[in-house]
Amino acid sequence: MNIPDELKYTKTHEWVRAEGELLVVGITDPAQDMLGDLVFVGDVEVGKQLQAGETAGVVESVKAASDLYAPVAGEIVAFNEALNDSPQLLNQKPYEAWILKLRPANRGDLSGLLDAAAYKAALGAEKH
């Protein structure tokens, strides 16, 4: 199970990486593994203002559809257009293939997200 230490995580399986003033968001390796082969990523509205926990988009696989949630409040400023034609990039390289970029309303909200150890602990709790 690949859980990079330098990223932040949510209990809903999103990863977050700060890049300058923006936050890059994708789904974790365990999430893509649970979903299986992804066939669609979308419903991401560039320009949309979201509160933390609100639905930011959707990922669909051959066996399930799952909402993608905003890790913190902010504005969606970009969608990874490469996923339109190649959603499987999330299966192949889950920490390189980001889904959206978010301009956070309050950068301090990042401190409320899970670190790698806490995310691993939350994953372990899910299995019991």
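So, here is what we can say about the structure in this document. (Residues numbered from 1 in each chain as written. Predicted model: local features only at pLDDT ≥ 70, side-chain atom pairs only at ≥ 80, totals over all residues. Heavy atoms only, no water.)

Across its full length, the protein chain holds four helices and nine strands. Reading the protein chain from its N end, one meets helices and strands in the order β-β-β-α-β-β-β-β-β-α-α-β-α. Within the span of the protein chain, comprising 128 residues, buried residues form 47% of the whole. Contacts spanning at least 24 positions in sequence make up 62% of the contacts within the protein chain whose residues lie at least 6 apart. Surface exposure of the protein chain reaches about 6500 Å², of which carbon and sulfur atoms provide 47%. (Helix = DSSP H or I, 4+ residues; strand = E, 2+ residues; numbered from the N terminus. Buried < 20%, exposed > 50% of the residue type's maximum accessible area, 1.4 Å probe, protein only. Contact = heavy atoms within 4.5 Å. Areas by Shrake-Rupley, 256 points an atom, 1.4 Å probe, with all protein chains shown as cover.)

Scanning all chains against the criterion turns up two aromatic pairs. Summarising the aromatic geometry, the rings of tyrosine 9 and tyrosine 119 are spaced 4.8 Å apart at their centres and angled 10 degrees between planes, so their arrangement reads as stacked. Separated by 110 residues along the polypeptide, tyrosine 9 in strand 1 (residues 8–9) and tyrosine 119 in helix 4 (residues 116–126) bring together distant segments of the chain. One exposure class covers both tyrosine 9 and tyrosine 119, and it is buried. Ring geometry for tryptophan 15 versus tyrosine 95: centroids 6.1 Å apart, planes at 50 degrees, classification tilted. With a gap of 80 residues between them, tryptophan 15 in strand 2 (residues 14–19) and tyrosine 95 in the loop between helix 3 (89–92) and strand 9 (100–104) connect regions that are remote in the sequence. Of the two residues examined, tryptophan 15 and tyrosine 95, each falls in the buried class. In this arrangement the basic side chain of lysine 101 is found over the ring face of tryptophan 98, its NZ or CZ atom lying 4.8 Å from the centre. (Phe/Tyr/Trp six-rings, centres within 6.5 Å; stacked < 30°, edge-to-face > 60°. Lys NZ or Arg CZ within 6 Å of the ring centre and 35° of its normal.)

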